[in-house]
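# Breakdown of the fold
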Amino acid sequence: MKQYEYLAKQTLASYGIPIPPGKVVDNPDQARKAVEEIGPAALKAQVLVGGRGKAGGIRFASTPSEAAQLAQQMIGMDLKGYTVERLYAEAKLDIDQELYISVTTDRNTKEPLVMASRAGGMEIEDVSDDQIVRRYVDPRVGVEPYFGREMASALGLDGTIFKEFADLVVKLYRIYQEKDAELVEINPLTVVHGHLVAADARLNIDDSALFRHPEIERIEEGSDLERKVHEIGLAYVELDGDIAVMANGAGMAMATLDAIQYFGGKPANFLDAGGGASVEPTAQALGVLVSMHPKVIFVNIFGGITRCDDVARAILQVKQTVGIPVPLVVRLVGTNEAEGVKLLADAGIAAYSEMAEAAEQAVKLAGEGR
Amino acid sequence: MKQYEYLAKQTLASYGIPIPPGKVVDNPDQARKAVEEIGPAALKAQVLVGGRGKAGGIRFASTPSEAAQLAQQMIGMDLKGYTVERLYAEAKLDIDQELYISVTTDRNTKEPLVMASRAGGMEIEDVSDDQIVRRYVDPRVGVEPYFGREMASALGLDGTIFKEFADLVVKLYRIYQEKDAELVEINPLTVVHGHLVAADARLNIDDSALFRHPEIERIEEGSDLERKVHEIGLAYVELDGDIAVMANGAGMAMATLDAIQYFGGKPANFLDAGGGASVEPTAQALGVLVSMHPKVIFVNIFGGITRCDDVARAILQVKQTVGIPVPLVVRLVGTNEAEGVKLLADAGIAAYSEMAEAAEQAVKLAGEGR
Amino acid sequence: MAILLTSQSRVIVQGMTGNQGRFHTGQMVAYGTQVVGGVSPGKGGRMVDGVPVFDTVREAVATTHADASIVFVPAPFAKDAAFEAMENGIRLLVMIPEHIPVQDAIAIVTRARDLGVVVIGPNTFGIISPGQNTKMGIMPNHIYKPGPVGVVARSGTLSYEIAFSLTNAGLGQTTVVGMGGDPVVGQTFVSVLEEFKRDPDTHAIVMVGEIGGSAEEEAAEHIKSLGKPVVAYLAGRAAPPGKRMGHAGAIIERGRGTLESKEKALTAAGAQVVTMPWQVAEAVSKVLR
Amino acid sequence: MAILLTSQSRVIVQGMTGNQGRFHTGQMVAYGTQVVGGVSPGKGGRMVDGVPVFDTVREAVATTHADASIVFVPAPFAKDAAFEAMENGIRLLVMIPEHIPVQDAIAIVTRARDLGVVVIGPNTFGIISPGQNTKMGIMPNHIYKPGPVGVVARSGTLSYEIAFSLTNAGLGQTTVVGMGGDPVVGQTFVSVLEEFKRDPDTHAIVMVGEIGGSAEEEAAEHIKSLGKPVVAYLAGRAAPPGKRMGHAGAIIERGRGTLESKEKALTAAGAQVVTMPWQVAEAVSKVLR
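The structure displayed is predicted, hence computed values, not measured ones.

## Re the overall build of chain C
- Scanning chain C from terminus to terminus reveals 10 helices and 14 strands.
- Relative to the globule expectation of 19 Å for 289 residues, the C-alpha radius of gyration of chain C, 19 Å, shows essentially globular dimensions.
- By principal-axis analysis of the C-alpha atoms, chain C measures approximately 55 × 45 × 30 Å.
- By the burial criterion, 62% of the 289 residues in chain C qualify as buried.
- Sequence separation of 24 or more characterises 74% of the internal contacts of chain C that already satisfy a separation of 6 or more.
- In chain C, the 25 positive side-chain charges and the 25 negative ones have mean positions that sit 2 Å from each other.

Pasting the structure below:
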């Protein structure tokens, strides 16, 4: 779960990491007052996408009236598909230098990784390898202050900035660990009048750990449809094709998209109905697919924990309640396959047993429907 | 540093461990009000010694007026050498069972040790080994809930008490670790109406870790003299002999007491002047010895980091300011020995080089002074 | 033979009295798994499907000499269960639950390394050794059969699809391992390939990978010296870039983790990469000839 | 020869630019210790007494190939310094500071066990190997001389007293080890006795113990199979019971830890226990004859 910049910064500040003075505003009048209070400020759209600056999501206001004017333009604007609902008015900084630092988990080594660079201010993906200092954290040891000093030293920092940076590494790692962060990133980490200040911040929390963080604000991300499916507890991503897809298991769902593309079709979504979903959530998920008005709906199930008869019942339930007004291709094998296939057959729905054939048929029907 | 029972219990409560309702009182009127509020109560003297009950430090008050009466008697009383300054009025418990639990550090294995017993309510030193469950904690792992369940199982607990005990072990270990406790002990840990309640608690904090616990209340223990020497930063224990002793290093100080006893004398104190004390604290410590009006003062120094000339200067400073009205025996060897011996000789004080001779002489002089 | 899990493995089930635990205990017993005990705190002394239940792993191991455990407890309690197993002598640990916090998974995996415990998962369907009539997991029993193919997969259902297609093509399996779908899991393709390398009965290996991470790229290094043919299927060919991995993955992967990167590395290492899951069985038939 | 610290040991000083660090660096260099570098964050690049100062242990080790470190930083920073040393390849670590929190000492000692680091201290005077002209510690240089006696002590000044009496009696030392006076320290009498056992040049061993703990009792078990004579002096004969140990110690010790208990165990194991420190040298002379 991503956190808005202003929330990420509040977390940094609560760990003693310096952030610029700032205020959250959601209308022009508040923007005016904020600039009256903190002086010339950057107005930063609070949206969960990178590269806001280039997309016009960060504007500078020298005066309160300019702030009001800009806020008027910015609030409600579309930024890379996200509607801007609030701004963060933040004191303009007199920046001498821009650094980069982040803590995340490397799934290959299964260890926390701290990355830092003197090339801050741009996406770290675009910084060349030789400009990045990477240090793995031994989870048995964690990050003691020396770890920060070693990074500061490797970056070639000195004096006050050496000490502040070393200290910041310790605090950032504590945030990573105590807040169950997937990623905590300060970019740019700026030098202002000889001291470090976190000018921008990203904080992504591990969804699986939210149960132990009642203190962390819940942020919903994605389109209305995506949110709706996430609420059912299923993984869902919108795509731009016309064949709506439901499969069980993330790998299976990916393979289903691959199969559709293989036969020349275009998937409309990624929907992982989970490893053992029962009738009700499966029916709800299918209802979502219907509401997308696709050309075809393709249900691809290999029953393991998922029982084929449950899937069949979910399909019949949707058919009988909201109706399924587009062609439906079902592939159904595995646990309780015979029962599931019979339930569908009794309702006039034929089920495939081969994924290849089913996918080919779904693409064919979508072509006819175009 | 030991904590008073009521402070220890506040800490337990802050970790979610159930304690009986209670109030700190320091006069009869408060005791009356406390019992009005919480009903029949035990009035428990808040002193830093074990075995209060037997010594008359715990009394029961059924009514508010009885509470006032008892408080009148108890406040100001002497309990094993400690003056009772305040009481803890605590609701009388309807106790079904008394257990024991503690967490401490085993200096031999260098690991935390959790001890528990179904024989609660008496000092654990008096409980036989086969009635005690001991489990060492691997510091790499800490105490996860299973550890508590294993202890509960080893104790033969079941039902609600099994679960509450397992949970309590986890909390108690967190206190041990997060509060830098030398010892955290609940004795008795009582079963009251089917639930665990901490009826008495001990919490000793590692003095060396106090710097990172501003939240923990500082408790001064010991006699006025002991407190005074502790304030200088030196280790000091009062004894009941007549030869005042100063030595450098804990082992050396102990050996000095041994030597005095060996020659038939009785030491008046244990004073470790530290490994590298400079002139000022050494002079202050010596001043304390003078103020004890001993028969003899015996200074036994093997100079390592401690410089003999510094010790000589401290002696001369005390001699010139407060004066040393009793015989002084000095043994002085090691770093800057020649300078130190000369400084003393110039002031008419002879210094020994052999510890045995010096100790014998100190005992002899004390005998003459008797 | 088989890898990691054999007919000798003595298995306990942590969380056996829950719905999932009870159901899959039955399935495992039916498959032939030597389930010697179950653990459910506060429910010690009962019997479930003829298997004794204990309050703690400690008691279960003391009584049954179990050396393997499968964990079914809810995710918030999974770390506790895993440590209970590892600290009490369990050396093969299958972690079924999904949604275990990554920090917990790191702690589990780190401790497992120190103690020499093999962790399968978390968020896995488990491990099955058809020729040994034993499984620890939630996979359907009927889709496997004994044979010469080792299978290692990141995700569950997709591996069922492929294992079943192998079985239908007459290609049985020594062992099928589900590494688990979480960011941090106990095994890597490399560690499982090493096991298959040592198993004399495994003559070909199927890798079921997917986009994200760089486990497949690292495996490629090992395939060169494996001495056994590898067929790989990689899911995610049609996945739009960025949608799945997100920024946290991208800053580490830096261009690796894409399907192209994986396919290139595996092909260069001599593995045969097929495009669709239903092509796996035919490719395996060919390399086994 | 000597134990643990030899003339080959390449030593760095953590906290070298502080008062204590600077003074004792000079003393160690004067004694012959191979001090190859110092560490003081933010002061890298300077020279102290001809020794280069680095910002981090990492740089110091990379440049000087140090394998031993002596720590002089204040107690609140000692854990950090110890981990910095251990994680960067230091294998002999002398911790001078007193008042290090016990929890920190537990963490240091546990990590040292895992990495195979020998920790001397905390709250120690250090270690000195007179025949090798090398020391890591704060002991006076002049009181030692090379010879056949190994000395291991819990407390500092008392060991000076005894070492000096040995020297004055013509009994030199292979190595003198100060285990440190804190509740949790890196060494035990047992671990140091084992080292002396392996050292062909150590022909007799002096143990300087004291009341509290049960380290002496545990050592007694090993003395039986040591094959070298042991003379022990135990301080605390006149200490009033309970004054020093307190309740926390007592609930663990349960009757052990008294002078009587220690003396009995050591005597039974064949060690010669003397009553006063000035009796040690004569006893050693006798056992060496």
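Read on, since the account is not over.
## Concerning the UniProt feature "binding site: ATP" (unreviewed entry) in chain A
Residue and element names in this part refer to chain A.
- UniProt annotation of "binding site: ATP" (unreviewed entry) refers to Lys44, Gly51, Arg52, Gly53, Glu90, Leu93 and Glu98 when read in the numbering used here.
- Here Gly53 is to be found in the loop between strand S2 (41–45) and strand S3 (58–61).
- Looking at the element boundaries, Glu90 is found in strand S6 (residues 87–91).

## Observations regarding the packing of helix H3 (residues 78–87) of chain D against helix H4 (residues 102–115) of chain D
Residues and elements named next belong to chain D.
- It is at 10 Å that the axes of H3 and H4 come closest, and there the two elements cross at 5 degrees. Taken as axis vectors, H3 and H4 run roughly parallel relative to one another. Side by side, H3 and H4 meet where Ala78, Lys79, Ala82, Phe83, Met86 and Glu87 of the first sit next to Asp104, Ala107, Ile108, Arg111, Ala112 and Leu115 of the second.
- When its residues are assigned to classes, the contact of H3 with H4 shows eight nonpolar, no polar and four charged.

## Side note on the interface of chain D and chain B
- With 58 residues of chain D in contact, the opposing surface of chain B contributes 62 residues.
- Taken together, the links from chain D to chain B amount to three salt bridges.
- With a closest N to O distance of 2.7 Å, D:Asp114 and B:Arg140 form a salt bridge.
- Across the contact surface, chain D and chain B share 14 residue pairs in polar contact (both at pLDDT 80 or more).
- Every element with two or more residues in the side of chain D that touches chain B is listed here: helix H1 (19–31), H4, helix H5 (156–168), helix H7 (215–223), strand S13 (230–235) and helix H8 (246–253) of chain D.
- Class assignment for the residues of the side of chain D that touches chain B results in 30 nonpolar, 17 polar and 11 charged.

## Structural notes on the domain arrangement of chain A
- We note that the domain assignment places domain 1 (21–91), domain 2 (97–212) and domain 3 (224–368) within chain A.
- The distance between the C-alpha centroids of domain 2 of chain A and domain 3 of chain A comes to 43 Å.

## Points about the pattern of salt bridges
Residue and element names in this part refer to chain B.
- One pass over the full model with this rule turns up 76 salt bridges over all chains.
- Salt-bridge contacts for Glu37 lead to Lys23; the nearest nitrogen and oxygen are separated by 3.8 Å. Placement of Glu37 in helix H2 (residues 28–38) and of Lys23 in strand S2 (residues 22–25) is noted, with a sequence separation of 14 residues between them.
- Residue class for Lys23 comes out partly exposed when judged on its relative accessible area of 34%.

## Quick word on the interface of chain D and chain A
- Taken together, the 13 residues of chain D in the interface contact 11 residues of chain A.
- Interface area, chain D with chain A, both sides summed: about 1100 Å², of which 55% is carbon and sulfur.
- Contact with chain A buries surface across chain D, with D:Arg58, D:Asp80 and D:Arg111 losing the most and accounting together for 39% of the total.
- Where chain D meets chain A, there are five salt bridges.
- Between D:Arg58 and A:Glu150 there is a salt bridge, and its shortest N-O distance comes to 3.8 Å.
- Counting across the interface, chain D meets chain A through seven residue pairs in polar contact (both at pLDDT 80 or more).

## Observations regarding the confidence of the model for chain A
- On average, residues of chain A score 92 in pLDDT, and 99% of them reach the 70 mark or higher.
- By mean pLDDT, helix H6 (residues 224–232) of chain A is the weakest element of chain A at 78, and strand S11 (residues 195–198) of chain A is the strongest at 98.

## Some points on the nonpolar core
- Membership of the largest hydrophobic core comes to 99 residues, with the highest contact counts inside it found for C:Tyr144, C:Leu166 and C:Met207.
- Setting aside its immediate chain neighbours within four residues, C:Tyr144 contacts C:Tyr31, C:Phe125, C:Ile128, C:Pro130, C:Met139, C:Tyr160, C:Ala163, C:Thr167, C:Gln173 and C:Val176.
- D:Val11, D:Met16, D:Ile143 and D:Val274 belong to the second largest nonpolar core, which has 96 residues in total.

## So, the domain arrangement of chain C
Residue and element names in this part refer to chain C.
- Here chain C is described as being made up of domain 1 (11–120) and domain 2 (139–288).
- Of note, the centres of domain 1 and domain 2, computed from C-alpha atoms alone, are 27 Å apart.
- Opposite the 12 residues of domain 1 that make contact, domain 2 presents 10 residues.
- Summed over both sides, the interface between domain 1 and domain 2 buries roughly 870 Å², with carbon and sulfur atoms accounting for 59% of that surface.

## Topic: the side chain of C:Lys228
Residue and element names in this part refer to chain C.
- Structurally, Lys228 can be placed in the loop between helix H7 (215–223) and strand S13 (230–235).
- Among buried Asp, Glu, Lys and Arg side chains, Lys228 stands out as unpaired, with Asp199 the closest opposite charge at 5.9 Å.
- A polar contact of 2.9 Å, which involves the side chain of Lys228, links it to the backbone oxygen of Thr202.
- With near-sequence residues (within four places) excluded, Lys228 lies in contact with Phe196, Lys197, Asp199, Thr202, His203 and Ile205.

## Describing the sheet that holds strand S1 (residues 11–14) of chain D
All names here are of chain D.
- One open sheet accounts for seven strands, arranged S3-S4-S2-S1-S5-S6-S7; its pairing is mixed. Each having just a single partner strand, strand S3 (47–48) and strand S7 (118–120) make up the two edges of the open sheet.
- Both strand S5 (residues 68–71) and strand S6 (residues 92–95) contribute to a ladder of four bridges, which runs parallel. Bridge pairing in S6 links Ala68 to Leu92.
- This element, H3, spans S1, S5 and S6 of the sheet and lies at about 170 degrees to S6.

## Some remarks on the sheet that holds strand S1 (residues 22–25) of chain A
Residues and elements named next belong to chain A.
- Pairing within the open sheet is antiparallel, and its four strands lie in the order S1-S6-S2-S3. A single partner strand is all that each edge strand has here, and the edge strands are S1 and S3. Neighbour to neighbour, the strand axes of the sheet diverge by 25 degrees on average, direction disregarded.
- Bridge count between S2 and S6: five bridges; the pairing is antiparallel. Its bridge partner lying in S6, Lys44 is registered against Tyr88.
- Of the strands in this sheet, S1, S2 and S6 touch helix H1 (residues 5–14), which is tilted by about 50 degrees from S6.

## What to know about the packing of aromatic side chains
- Under the counting rule described, the total for this entry stands at 18 aromatic pairs over all chains.
- When the ring of A:Tyr6 is compared with that of A:Tyr88, the centres are 6.3 Å apart and the planes differ by 35 degrees; the resulting orientation is tilted. With A:Tyr6 in helix H1 and A:Tyr88 in strand S6, this residue pair connects regions lying 82 residues apart in the sequence. The same class applies to A:Tyr6 as to A:Tyr88, namely buried.
- Aromatic rings pair up to connect A:Phe302, C:Phe125, C:Tyr160 and C:Phe164 into one cluster.
- Directly above the aromatic system of B:Phe60 lies the positively charged group of B:Lys92, at a separation of 5.4 Å from the ring centroid.
- Directly above the aromatic system of C:Phe83 lies the positively charged group of C:Lys79, at a separation of 5.9 Å from the ring centroid.

## Some details on a positive patch on the surface
- Taken together, the side chains of A:Lys163, D:Arg22, D:Lys43 and D:Arg46 make up a positively charged region of the molecular surface.
- Here D:Lys43 is to be found in the loop between strand S2 (35–39) and S3.
- The exposure class of D:Lys43 is partly exposed, given its relative accessible area of 31%.

## Things to note about helix H7 (residues 250–262) of chain A
All names here are of chain A.
- With 13 residues, H7 ought to run about 18 Å at 1.5 Å a step, and its terminal C-alpha atoms sit 18 Å apart, in line with that.
- Taken across its 13 residues, H7 has 10 buried, putting it largely inside the fold.
- When we look at burial in H7, the residues that qualify are Gly251, Met252, Ala253, Met254, Ala255, Thr256, Leu257, Asp258, Ala259 and Ile260.
- A positive phi of about 95 degrees marks Gly264, the residue just after H7.

## Observations concerning the UniProt feature "domain: ATP-grasp" (unreviewed entry) in chain A
- Mapped onto the present numbering, the UniProt feature "domain: ATP-grasp" (unreviewed entry) falls at residues 9–234 of chain A.
- Counted over residues 9–234 of chain A, helix gives 30% and strand 30%. Its end C-alpha atoms are 30 Å apart.

Definitions and limits used
- Residues numbered from 1 in each chain as written.
- Chains lettered and ligands numbered in written order.
- Predicted model: local features only at pLDDT ≥ 70, side-chain atom pairs only at ≥ 80, totals over all residues.
- Heavy atoms only, no water.
- Helix = DSSP H or I, 4+ residues; strand = E, 2+ residues; numbered from the N terminus.
- Rg over C-alpha atoms; globule rule 2.2 N^0.38 Å.
- Buried < 20%, exposed > 50% of the residue type's maximum accessible area, 1.4 Å probe, protein only.
- Contact = heavy atoms within 4.5 Å.
- Lys, Arg positive; Asp, Glu negative; His and termini not counted.
- Charge placed at Lys NZ, Arg CZ, Asp CG, Glu CD.
- UniProt positions renumbered as here; feature names shortened; annotations may be inferred.
- Axes fitted to C-alpha atoms, helices over the stretch in contact; angles between N-to-C directions.
- Parallel < 35°, antiparallel > 145°, perpendicular 65-115°, else oblique.
- Nonpolar A, V, L, I, M, F, W, Y, C, P; charged D, E, K, R; others polar.
- Salt bridge = Lys/Arg side-chain N within 4 Å of Asp/Glu carboxyl O.
- Polar contact = N/O pair within 3.5 Å; in protein donor to acceptor, adjacent residues only side chain to side chain.
- Domains from an automatic or database assignment.
- Buried area = accessible area lost by both parts, 1.4 Å probe.
- pLDDT = per-residue confidence, 0-100.
- Core = buried A, V, L, I, M, F, W, Y, C linked by side-chain atoms within 4.5 Å.
- Pairing = 2+ DSSP bridges.
- Phe/Tyr/Trp six-rings, centres within 6.5 Å; stacked < 30°, edge-to-face > 60°.
- Lys NZ or Arg CZ within 6 Å of the ring centre and 35° of its normal.
- Patch = residues over 30% accessible without salt bridge, like charges linked within 9 Å, V, L, I, M, F, W, Y side chains within 5 Å.
- Areas by Shrake-Rupley, 256 points an atom, 1.4 Å probe, with all protein chains shown as cover.
- Expected span 1.5 Å × (residues − 1).

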